[in-house]
Amino acid sequence: MKKESHMMSYGYNPDWSEGSVKPPIFQTSTFVFKNAAEGKRFFEVAYAKSKLKKSEQLGLIYSRLNNPNMQILEERLAILEGSESAAAFVSGMSAISTVMLAFLKPGDALLISNPTYGGTHTFVYNYLKEIGVNIISFDFDDKYDNVMKKLNHSKMENKLKMIYVETPANPTNTLIDLNMVEKIKKTIQDKTGLEIISVCDNTYLGPIWQSPLDFGIDLTCYSATKFLNGHSDVIAGAVMGSKSVISQVKYLRTFLGGMIAPYTAWLLTRSLETLHVRMNYQAENSVKIVNFLKTHKNVDEIYYPGYENMNQSQKEIYKSQCSHGGAMIAFTVIGNEKGAFKFLDSLKLIKLAVSLGSNESLAQHPYSMTHSDVPEDVKDSIGITDGLIRLSIGIEYADDIINDLKQALNKI
Ligand SMILES: *Cc1c(COP(=O)(O)O)cnc(C)c1O
């Protein structure tokens, strides 16, 4: 069966819950053991003192460790990503920070692409750096040789524990070559004999239009707040990968306590039922909207994965790792900040708000909003200008979105 067909019922049996066709919300903090020996056995497995036997399943203990809503959600997330395992979190930032803390210790080195989501950037450059993790960064236009040179100059090759990338990068839609990431990982691993974990924030194009695990990436991270939930009513996160790597992430999640709550997991499970319908429709709408933006005299540049004006190397990366450009469009308007604000303030259907991937269309001004704390010279160098608008396309009727854009663009 296709992934979308599993989203309606996988991992849940109505017999468990009075025939209820959908899983109920298991709004409980703790679970009753049948007897003391069972409780003992569950804890042995949960705290990794003993492995599950083939015939055995980990029983329910306490909702910080496990809960049916979290488990059903995780099984479906793993199907969507094509991974062995998944871990669900209370937010995207909880997922990302738990992954980093699970594999990075003071003295280790992290190689990270630039730009990344603002929260990720601040966590890495303020918190991780402060506790003694060495940070080496590279840009979207750095080729393999450049990145290797940077690593070499940093003298941190033998401390490298993680490579972390975000592609497409927010808000400019620039792409990082996942084949290059794996080549770097392999080269350094062969040299030092140390294991390196590669991670990709797949929020923008996953799980439908980009599958980093197929390229050998170890873990994908998500803000499930975005496309996965898609209704702007939940904050959540997810991490997908092999059983062995995810079990290390889950181990730390148990103690940092960032697991998803039962009600949030239930809402997200419901959202996954319509994921393919929503995302495919949002993508169809986005292509129509890019085609419209091309024709408007007050629009300057358009940044959209796969778009005809991308440079050759970006086009090649797109061909190799993306099956669609997705539903996030960035473009510049004439008139700098004044033009951008006039446009944003004139929108009627499209809401002026940050966040993305939801069923309603949203627009914002990265320069002064989501990326306001990025230093100005960095913003300039990565194309975040004061005339840049970031659009997240929803499932409204395409011509209604276009008419709203048109009337607002005409006001500049
Ligand atoms: C929103 C976002 C995050 C952070 O997720 P939260 O759910 O807000 O914690 C991380 N990465 C990307 C690409 C995002 O868009």
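Rules used throughout
- Residues numbered from 1 in each chain as written.
- Predicted model: local features only at pLDDT ≥ 70, side-chain atom pairs only at ≥ 80, totals over all residues.
- Heavy atoms only, no water.
- Helix = DSSP H or I, 4+ residues; strand = E, 2+ residues; numbered from the N terminus.
- Rg over C-alpha atoms; globule rule 2.2 N^0.38 Å.
- Buried < 20%, exposed > 50% of the residue type's maximum accessible area, 1.4 Å probe, protein only.
- Contact = heavy atoms within 4.5 Å.
- Areas by Shrake-Rupley, 256 points an atom, 1.4 Å probe, with all protein chains shown as cover.
- Lys, Arg positive; Asp, Glu negative; His and termini not counted.
- Charge placed at Lys NZ, Arg CZ, Asp CG, Glu CD.
- Axes fitted to C-alpha atoms, helices over the stretch in contact; angles between N-to-C directions.
- Left-handed = near helix turned anticlockwise from the far one by under 90°.
- Nonpolar A, V, L, I, M, F, W, Y, C, P; charged D, E, K, R; others polar.
- Pairing = 2+ DSSP bridges.

Engineer: Summarise the overall build of the protein; cite the residues concerned and give the values.
Structural biologist: Check the secondary structure of the protein and you find 14 helices and 12 strands. Computed over its C-alpha atoms, the radius of gyration of the protein comes to 22 Å, within 12% of the 22 Å expected for a compact globule of 412 residues. Taking the principal axes of its C-alpha atoms as reference, the protein extends roughly 75 × 55 × 35 Å. The buried share among the 412 residues of the protein stands at 53%. Taking the intrachain contacts of the protein between residues at least 6 apart in sequence as the baseline, contacts between residues at least 24 apart amount to 72%. Surface accessibility of the protein: about 18,200 Å² in total, with carbon and sulfur atoms responsible for 53%. Side-chain charges in the protein split into 43 positive and 44 negative, and the spacing between the mean points of these groups amounts to 4 Å.

Engineer: Help me get a handle on the packing of helix H4 (residues 92-103) against helix H5 (residues 118-130), residues and values and all.
Structural biologist: Here H4 crosses H5 at 35 degrees, and the two axes come no closer than 10 Å. As H4 runs across H5, the sense of the crossing is right-handed. Taken together, the residues of H5 that come into contact with H4 (itself represented by Met93, Ile96, Ser97, Met100 and Leu101) are Gly119, Thr120, Phe123, Val124, Tyr127 and Leu128. When its residues are assigned to classes, the contact of H4 with H5 shows 8 nonpolar, 3 polar and no charged.

Engineer: Give a detailed account of the sheet that holds strand S3 (residues 134-139), specifying residues and quantitative values.
Structural biologist: Ordered in space as S1-S7-S6-S5-S4-S2-S3, the 7 strands form an open sheet in which the pairing is mixed. The open sheet has two free edges, formed respectively by strand S1 (85-89) and S3, since each of these has just one partner strand. Adjacent strand axes in the sheet meet at a mean angle of 20 degrees when their direction is disregarded. As defined by bridge partners, S1 adjoins strand S7 (residues 237-241) across 5 bridges and the pair is classed as antiparallel.

Engineer: Would you mind going over the environment of Gly82 in detail, with residue names and values included?
Structural biologist: Looking at where Gly82 falls in the secondary structure, it is placed in the loop between helix H3 (68-81) and S1. C-alpha of Gly82 to C-alpha of Val239: the two residues are 157 residues apart in sequence and 12 Å apart in space.

Any functional reading would require information beyond the geometric quantities listed.
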